[in-house]
2 protein chains.
Amino acid sequence: MAFNSSKFDPNFTDNVINAIGPKTSDRAKFVLSSLIRHVHDFAREVELTTDEWMAGVLFMNAVGQISDSKRNEGQRISDVLGLESLVDEIAHKIALETDDIPTSSSILGPFWSPNAPFRNNGESIIHELPKDGRVTLMHGTVNDLITKKPIGNAVFDIWQASSNGKYDFQDPENQSDNNLRGKFRTDENGRYHFYCLHPTAYSLPTDGPAFKLLNLLDRHPMRPAHIHLMVSHDSYKPVTTQIFPKDDPYLETDTVFAVKDDLVVDFKPLQGDPKASLELEYNVKLAPRDIAPASAHL
Amino acid sequence: MAFNSSKFDPNFTDNVINAIGPKTSDRAKFVLSSLIRHVHDFAREVELTTDEWMAGVLFMNAVGQISDSKRNEGQRISDVLGLESLVDEIAHKIALETDDIPTSSSILGPFWSPNAPFRNNGESIIHELPKDGRVTLMHGTVNDLITKKPIGNAVFDIWQASSNGKYDFQDPENQSDNNLRGKFRTDENGRYHFYCLHPTAYSLPTDGPAFKLLNLLDRHPMRPAHIHLMVSHDSYKPVTTQIFPKDDPYLETDTVFAVKDDLVVDFKPLQGDPKASLELEYNVKLAPRDIAPASAHL
């Protein structure tokens, strides 16, 4: 430990942990004991002042006060501190007996909707095309990581912000429900295709505690342009991820730490399709459900 | 570290910390870097699951959502985890060249009011006497820790719950503003005296996240009976503390970890005073302001 622990009561933290009663489950006791020890070690290590502690308490209250059914500021604070990305890494660490790896996961974020409609291959998720929107034909295959065979009837769920950086339910004036959302099923060859937008970089909201925290950290609030994906099939481990255009200026400094090398993709000019000016081929590899995870909690 | 850190990206936490920009103050960088490292170490150590993380996010949002100008649930969560008591210890650790120590501090809690009126020695802080209330004559002296001389004109601020466990602003039906609150000044001999209630043990509120956390920890929500005190004088370090009757059944298991041995007091039967049936003598020792603290932050 970096601090002189002898200055403070050496039994205090143990006393708090030992107050946990016998009816608490082993897992809850393990998690909460670790949480208490880290919170106390943090306070001792930095010799947290009363004013700093109260600033933290009021910050925590403000996080909840600005949250509602359409805004999850607690999740956003997690994201700014890298915690959602870390939890994602912990959940998806897989020890495989092969050199190949499945498509990397990335954070869900607060904008997924359970209500996105199923659409047919070849349809568009764009209800309202913004003036500066660049329509993209996105297509590819979903394959088995081990056998390399195509996976038919996989569900390919996509959601993205419009070119103003807003998702449908954040932007009811300009976007109808389920604009830029949709679920597709792969065909018997594991193939999918649909029309979407080239994504646009955007800022996290600047009216709440997350932006205050970013200012305190002297960091920008920008996310690189990205498309959210969730690909699933009953026989495979699902993957929730994001993909990022390779020329985005915020790839290296994503404010929620969600970029991974294999999630950076290349949008290419498309000729001969009156519906789209860009093309993106994106292929997904899913790991069978019965592969042992590295983590006991998967 | 208790976990096999090699399983996870060894650079992730450093990347998040190194994103802190140059305009962040040294202190904020130090505190937030430690916070990020402890939060990440906690998540890796327990291999925090996605569901557990999201439960924590929703818990944090709920803490703010139930808080308002009369309720600080964030502070209550701190208290249940021992953090306010620990911050209090950190703030008040004093390295003295004497065997004597000043009156121990204890946590402020969420019920202090800046509006308590000054009252004259000998007056009562009881506006509404509950049927089961036991009136106590409380008296004593405030002395200099080093010289032992009495301190005149010290401010003795007291607040306490009524026998139903509620403070005035939690209980507007039964209590008028500033019931069971008052500020007194010590006389030229450092003496104070007034009438108050023998305090009553009470439960933390059971309708919010703090009670959910206590249930998860299999702990009771009870605080031992106590009287809050804040004693101050321009030439001395102020002390915020609480005192506890020695026969209270919750002394060993105070749900906010605020009891210290020298804060346990003895209420005695009082004869010959028609206004009170109990007596409490309580003397306070204050340290001069110029004594060096152990912590650099005092």
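As the structure is a computational prediction, the values presented were derived from the model and not from experiment.

Rules of the game
- As a convention, each chain's residues are numbered from 1 in the sequence order in which they are written.
- Working convention: letters from A go to chains and numbers from 1 go to ligands, in the order in which they are written.
- Note on the predicted model: pLDDT of at least 70 is required for a residue's local features to be given, and 80 or more for side-chain atom pairs to be given and counted; whole-chain, interface and lining totals, by contrast, use all residues.
- Computation of side-chain values: all heavy atoms of the structure, hydrogens and water removed.
- Each helix is a run of DSSP H or I of at least 4 residues and each strand a run of E of at least 2, with the numbering of both proceeding from the N terminus.
- For each residue, the accessible area found with a 1.4 Å probe, counting protein chains only, is set against the maximum for its type, and the residue is called buried under 20%, exposed over 50%, and partly exposed in between.
- A 1.4 Å probe and the Shrake-Rupley method give the accessible areas. Residues count as covered only by the protein chains that appear here.
- Here Asp and Glu are counted as negative and Lys and Arg as positive; His is not counted, and neither are the chain ends.
- Think of each charge as sitting on NZ of Lys, CZ of Arg, CG of Asp or CD of Glu.
- The rule for pairing is simple: two strands pair if DSSP sees at least two bridges between them.
- Least-squares fitting of one copy onto the other uses the C-alpha atoms of those residues that reach a pLDDT of at least 70 in both copies.
- Here a residue-residue contact requires only that any non-hydrogen atoms of the pair lie within 4.5 Å.
- Here the buried area means the combined drop in accessible surface, using a 1.4 Å probe, for two parts upon being joined, counting both sides.
- A side-chain nitrogen of Lys or Arg and a carboxyl oxygen of Asp or Glu constitute a salt bridge if their distance falls within 4 Å.
- Polar contacts here mean pairs of N or O atoms no more than 3.5 Å apart (in protein, one a potential hydrogen donor and the other a potential acceptor; neighbouring residues in sequence count only if both atoms are side-chain atoms).
- Asp, Glu, Lys and Arg are counted as charged, while Ala, Val, Leu, Ile, Met, Phe, Trp, Tyr, Cys and Pro are counted as nonpolar; the rest, among them Gly, fall into the polar class.
- Segmentation into domains, and thus their bounds, comes from an automatic or database assignment.
- For helices, the fitted axis covers only the stretch in contact; all axes are lines through C-alpha atoms, and the angles between them, taken along N-to-C directions, range from 0 to 180 degrees.
- Each angle gets one of four labels, with under 35 degrees taken as roughly parallel, over 145 as roughly antiparallel, 65 to 115 as roughly perpendicular, and the rest as oblique.
- Note: crossing handedness is left-handed where the near helix turns anticlockwise from the far helix by less than a right angle, and right-handed where it turns clockwise.
- UniProt positions are given in the numbering used here, feature names are shortened, and annotations may be inferred rather than shown by experiment.
- pLDDT: the predictor's confidence for each residue, scored from 0 to 100.
- Only rings of Phe, Tyr and Trp enter the pairing, Trp through its six-membered ring, and a pair is recorded when the two centres are within 6.5 Å. The plane angle decides the type: under 30 degrees is stacked, over 60 is edge-to-face, the rest tilted.

So, about the overall build of chain A. What chain A contains, in helices and strands, is 6 helices and 12 strands. The principal-axis extent of the C-alpha atoms belonging to chain A is close to 75 × 45 × 35 Å. When each of the 298 residues of chain A is scored for burial, the buried share is 55%. Accessible area for chain A stands at about 13,600 Å²; split by element, carbon and sulfur atoms hold 51% of it. A distance of 3 Å separates the average location of the 30 positive side-chain charges in chain A from that of its 42 negative side-chain charges.

Our next topic: the pairing of strand E1 (residues 135–144) of chain B. Residue and element names in this part refer to chain B. Taking burial as the measure, the 10 residues of E1 include 10 buried ones, the bulk of the element. Side chains Val135, Leu137, His139, Thr141 and Asn143 of E1 all project onto a buried face; the interleaved residues Thr136, Met138, Gly140, Val142 and Asp144 project onto the opposite face, where all are buried too. With 7 bridges connecting them, E1 and strand E4 (residues 191–197) associate as antiparallel partners. Each residue of the ladder has a partner; that of His139, found in E4, is His193. The pairing of E1 with strand E11 (residues 278–281) spans 4 bridges and is classified as parallel. Within E11, the residue paired with His139 across the bridge is Glu281. Bridging between E1 and strand E12 (residues 284–286) involves 3 bridges; their strand directions are parallel. Bridge pairing in E12 places Val142 opposite Val284.

This next bit is on the relation of the copies chain B and chain A. When chain B is brought onto chain A, the operation consists of a screw motion whose angular component is 180° and whose axial shift is 0.0 Å, with 0.1 Å RMSD remaining. Both copies are brought into coincidence by an operation consistent with a two-fold rotation axis. When C-alpha distances to the rotation axis are compared across chain B, the minimum falls at Gly64 of chain B, with a value of 1.9 Å. Interface overlap between copies is the fraction of interface residues in one copy that are interface residues in the other; for chain B against chain A it reaches 100%, indicating a shared surface.

With that settled, the discussion passes to the interface of chain B and chain A. Of the residues lining the interface, 73 residues belong to chain B; the matching set on chain A comes to 73 residues. For chain B, the biggest contributors to the area lost against chain A are His38, Trp53 and Met60 of chain B; these three give 10% of the whole. Across the chain B-chain A interface, the total number found is 2 salt bridges. The interface formed by chain B and chain A holds 39 residue pairs in polar contact (both at pLDDT 80 or more) in total. Elements with a contribution of two residues or more to the side of chain B that touches chain A: helix H1 (12–18), helix H2 (26–46), helix H3 (50–65), helix H4 (73–80), helix H5 (83–92) and helix H6 (209–216) of chain B. Per-element tally for the side of chain B that touches chain A: the top contributor is H2 of chain B, with 17 residues. Here the residues of the side of chain B that touches chain A sort into 36 nonpolar, 20 polar and 17 charged.

Moving on, we come to the domain arrangement of chain A. What the domain assignment lists for chain A is domain 1 (1–48) and domain 2 (77–286). Each of domain 1 of chain A and domain 2 of chain A was reduced to a C-alpha centroid, and the two centroids are 39 Å apart.

On to the side chain of Thr13 of chain B, then. All names here are of chain B. When you line up the elements, Thr13 lands in helix H1. For Thr13, a relative accessible area of 4% corresponds to the buried category. Contact partners of Thr13, with chain neighbours within four places excluded, come to Ile36, Arg37, His40 and Arg44.

Right, let's talk about the packing of H4 of chain B against H6 of chain B for a bit. Residue and element names in this part refer to chain B. Where H4 meets H6, the axes come as close as 9 Å, and the angle between the chain directions of the two elements is 20°. As judged from the angle between their axes, H4 and H6 are roughly parallel. The element H4 and its partner H6 pack so that their crossing is right-handed. Taking contact as the criterion, the partners of Glu73, Arg76, Ile77 and Val80 in H4 are, on H6, Pro209, Ala210, Leu213 and Leu214.

Using the residue numbers shown here, the UniProt feature "domain: Intradiol ring-cleavage dioxygenases" (unreviewed entry) corresponds to residues 108–287 of chain A. Secondary structure within residues 108–287 of chain A divides into 4% helix and 31% strand; the distance between the first and last C-alpha atoms comes to 19 Å.

Let's shift gears to the confidence of the model for chain A. Residue and element names in this part refer to chain A. In the predicted model, chain A carries a mean pLDDT of 92, and 94% of its residues have values of at least 70. Between residues 1–5, whose pLDDT stays under 50, and residues either more than four places distant or in other chains, the model counts 5 contacts. Overall, residues 294–298 carries pLDDT values under 50, and its contacts beyond four positions in sequence, including any with other chains, amount to 15 contacts.

Another point: the sheet that holds strand E3 (residues 181–185) of chain A. Residues and elements named next belong to chain A. The sheet built from 5 strands is open, its strands ordered E3-E2-E7-E8-E9 with mixed pairing. Every other strand in the sheet has two partners, leaving E3 and strand E9 (264–265) as the edge strands with one partner each. As judged from the 5 bridges shared by strand E2 (residues 155–159) and strand E7 (residues 227–232), these two strands associate in the antiparallel manner. Paired with Ile158 across the two strands is Leu229, which belongs to E7.

What follows is about unusual backbone geometry. Residue and element names in this part refer to chain A. Positive phi values are uncommon outside glycine, yet Glu47 reaches one of about 45°. Assignment of secondary structure puts Glu47 in the loop between helix H2 (26–46) and helix H3 (50–65). If you check the backbone angles, Asn153 has positive phi at about 65° while not being a glycine. Relative to the elements of secondary structure, Asn153 occurs in the loop between strand E1 (135–144) and E2. Asn153 gets classed as partly exposed once you look at its relative accessible area, which sits at 47%.

This part takes up the sheet that holds strand E2 (residues 155–159) of chain B. Spatial ordering of the open sheet is given by E3-E2-E7-E8-E9 (chain B), a layout of 5 strands whose pairing is mixed. Edge positions in the sheet fall to strand E3 (181–185) and strand E9 (264–265) of chain B, since each of these pairs with one other strand and no more.

As a further point, take the packing of aromatic side chains. This structure, assessed with the given rule, holds 16 aromatic pairs over all chains. Ring centres of Phe12 of chain A and Phe257 of chain B lie 6.3 Å apart, and the angle between their planes is 75°; on these two criteria the pair is classed as edge-to-face. One end of the pair, Phe12 of chain A, is in helix H1 (residues 12–18); the other, Phe257 of chain B, is in the loop between strand E8 (236–245) and E9, on a second chain. Summarising the burial analysis for this pair, Phe12 of chain A and Phe257 of chain B share the class buried.

Right, let's get into the packing of helix H4 (residues 73–80) of chain A against H3 of chain B. For the pair H4 of chain A and H3 of chain B, interaxial distance at closest approach is 8 Å and the crossing angle is 125°. As the angle between them shows, H4 of chain A and H3 of chain B are arranged oblique. Here the hand of the crossing between H4 of chain A and H3 of chain B comes out right-handed. The residues of H3 of chain B that touch H4 of chain A, namely those facing Glu73, Gly74, Gln75, Ile77, Ser78 and Asp79 of chain A, are Trp53, Met54, Val57, Met60 and Asn61 of chain B.

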